[in-house]
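If you want the building blocks of each chain, they are given just below.
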Amino acid sequence: GAGVSQSPRYKVAKRGQDVALRCDPISGHVSLFWYQQALGQGPEFLTYFQNEAQLDKSGLPSDRFFAERPEGSVSTLKIQRTQQEDSAVYLCASSPGQRNSPLHFGNGTRLTVT
Amino acid sequence: AQSVTQPDIHITVSEGASLELRCNYSYGATPYLFWYVQSPGQGLQLLLKYFSGDTLVQGIKGFEAEFKRSQSSFNLRKPSVHWSDAAEYFCAVAFSGGYNKLIFGAGTRLAVHP
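Notes on the structure in this doc start here. Just so you know, these numbers come straight off a predicted model, no measurement behind them. (Residues numbered from 1 in each chain as written. Chains lettered and ligands numbered in written order. Predicted model: local features only at pLDDT ≥ 70, side-chain atom pairs only at ≥ 80, totals over all residues. Heavy atoms only, no water.)

Points about the overall build of chain A
Helix and strand content of chain A: 0 helices and 11 strands. Each helix and strand of chain A, placed in order from N terminus to C terminus, yields the pattern β-β-β-β-β-β-β-β-β-β-β. Taking 114 residues into account, the globule formula puts the C-alpha radius of gyration at 13 Å, and chain A, at 13 Å, falls close to it. If one aligns the C-alpha atoms of chain A with their principal axes, the spans along those axes are about 40 × 25 × 25 Å. Across the 114 residues of chain A, 46% fall into the buried class. Partitioning the intrachain contacts of chain A with sequence separation of at least 6 by distance along the chain shows that 52% fall at a separation of at least 24. (Helix = DSSP H or I, 4+ residues; strand = E, 2+ residues; numbered from the N terminus. Rg over C-alpha atoms; globule rule 2.2 N^0.38 Å. Buried < 20%, exposed > 50% of the residue type's maximum accessible area, 1.4 Å probe, protein only. Contact = heavy atoms within 4.5 Å.)

Here it is in structure tokens:
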């Protein structure tokens, strides 16, 4: 009965470094979402996958952000040349994929760029 | 554009008192509506959701919410607050014809006095 698992839990990166954040969704969940939550704010949508297809990446803030889900299960969010404004909690969520199925969120990865 | 407004950034109540957290949305059609709760360092947990039908919905932990189309509101209520309810609460809306891409409000932080 594992939930959505994210790793690492915390990541500190120097400005300019590349980072990779991992999300293990609930087994069998078709839909996978990435959200960015800045301090004191609500989560903001980044991107959406249905199986391995990235159907919506309208929320990615710049071309430094890249997400993939090559086998339709685990997903990785990669941020290249990190900037201080990238500091946030990155939340992953998955769902079975039906229209009325709620999202199940992981505990997030807190990224701090120094 | 779709948006969610939570007018109260911070609310403090006494334990045992009643609670109402406000949420207003801007959307052209009837949306799917959600309330999530987030404890420090944790992911988001679904409290309740509204898709259609009865406008008063019951959720977990004794919470309920009422959808009022005329006011574009979906306020969260609890008759008697417990100290363990202290957390951040997020209202969210999803497109009724889409894939549950959630748009979140900025959140309301609830503090509970003994």
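From this point, the discussion proceeds with the structure in view.
Quick word on the overall build of chain B
Helices and strands together make up the secondary structure of chain B, namely 0 helices and 12 strands. Taking 2.2 N^0.38 as the reference for a compact globule, 114 residues should give roughly 13 Å; the C-alpha atoms of chain B span a radius of gyration of 13 Å, in line with that estimate. A principal-axis box enclosing the C-alpha atoms of chain B has dimensions of 45 × 30 × 20 Å. Looking at chain B as a whole, 46% of its 114 residues qualify as buried. Across chain B, contacts joining residues at least 24 apart in sequence account for 53% of those joining residues at least 6 apart. Total accessible area on chain B stands at roughly 5200 Å², and carbon and sulfur atoms take up 50% of it. Separation of charge centres in chain B, based on 9 positive and 8 negative side chains, amounts to 7 Å. (Areas by Shrake-Rupley, 256 points an atom, 1.4 Å probe, with all protein chains shown as cover. Lys, Arg positive; Asp, Glu negative; His and termini not counted. Charge placed at Lys NZ, Arg CZ, Asp CG, Glu CD.)

Structural notes on the sheet that holds strand β7 (residues 65–68) of chain A
All names here are of chain A. Pairing is antiparallel in the open sheet, where 4 strands are placed in the order β1-β3-β8-β7. The open sheet has two edge strands with one neighbour each: β1 (5–7) and β7. Recorded for the sheet is a direction-independent mean angle of 15 degrees between the axes of neighbouring strands. (Pairing = 2+ DSSP bridges. Axes fitted to C-alpha atoms, helices over the stretch in contact; angles between N-to-C directions.)

Overview of the state of the cysteines
Residue and element names in this part refer to chain A. All chains considered together, the criterion is met by 2 disulfides over all chains. With a sulfur-sulfur separation of 1.9 Å, Cys 23 is cross-linked through a disulfide to Cys 92. Across the S-S bond linking Cys 23 and Cys 92, the dihedral sits near -65 degrees, which makes this disulfide left-handed. One end of the pair, Cys 23, is in strand β3 (residues 19–24); the other, Cys 92, is in strand β9 (residues 88–95), with 69 residues separating them in the sequence. A residue is classified by how much of its surface remains accessible, and Cys 23, at 0% relative accessible area, is buried. (Disulfide = S-S within 2.5 Å.)

Some words on the interface of chain A and chain B
At the junction of the two partners, chain A supplies 22 residues and chain B supplies 20 residues. For the pair chain A and chain B, the summed buried surface comes to about 1700 Å²; carbon and sulfur atoms form 52% of the total. If you sort the residues of chain A by the area they bury against chain B, A:Pro43, A:Arg99 and A:Phe105 come out on top, with a joint share of 29%. Counting across the chain A and chain B interface gives 1 salt bridge. One salt bridge connects B:Lys101 with A:Asp56, and the closest N-O pair in it is separated by 3.2 Å. Counting the contacts that link chain A with chain B gives 7 residue pairs in polar contact (both at pLDDT 80 or more). Of the residues forming the side of chain A that touches chain B, the biggest block, 3 residues, is contributed by strand β4 (residues 31–37) of chain A. (Buried area = accessible area lost by both parts, 1.4 Å probe. Salt bridge = Lys/Arg side-chain N within 4 Å of Asp/Glu carboxyl O. Polar contact = N/O pair within 3.5 Å; in protein donor to acceptor, adjacent residues only side chain to side chain.)

As for the side chain of A:His29
Residue and element names in this part refer to chain A. Of note, His 29 is situated in the loop between β3 and β4. At 2.7 Å, the side chain of His 29 forms a polar contact with the side chain of Ser 94. Side-chain polar atoms of His 29 contact the backbone nitrogen of Ser 95, separated by 3.3 Å. Once residues within four sequence positions are removed from consideration, His 29 is found in contact with Arg 69, Ser 94, Ser 95, Pro 96 and His 104.

What about the packing of aromatic side chains?
In the structure shown here, the tally under the stated rule is 17 aromatic pairs over all chains. When the ring of A:Phe105 is compared with that of B:Tyr36, the centres are 5.5 Å apart and the planes differ by 85 degrees; the resulting orientation is edge-to-face. Of this pair, A:Phe105 sits in strand β10 (residues 104–105) while B:Tyr36 sits in strand β5 (residues 32–38), placing the two residues on different chains. Judged on exposure class, the residue A:Phe105 and its partner B:Tyr36 are both buried. One aromatic cluster is present, built from ring pairs that chain together A:Phe33, A:Tyr35, A:Phe45, A:Tyr48, A:Phe105, B:Tyr32, B:Phe34, B:Tyr36, B:Phe51, B:Phe90 and B:Phe104. (Phe/Tyr/Trp six-rings, centres within 6.5 Å; stacked < 30°, edge-to-face > 60°.)

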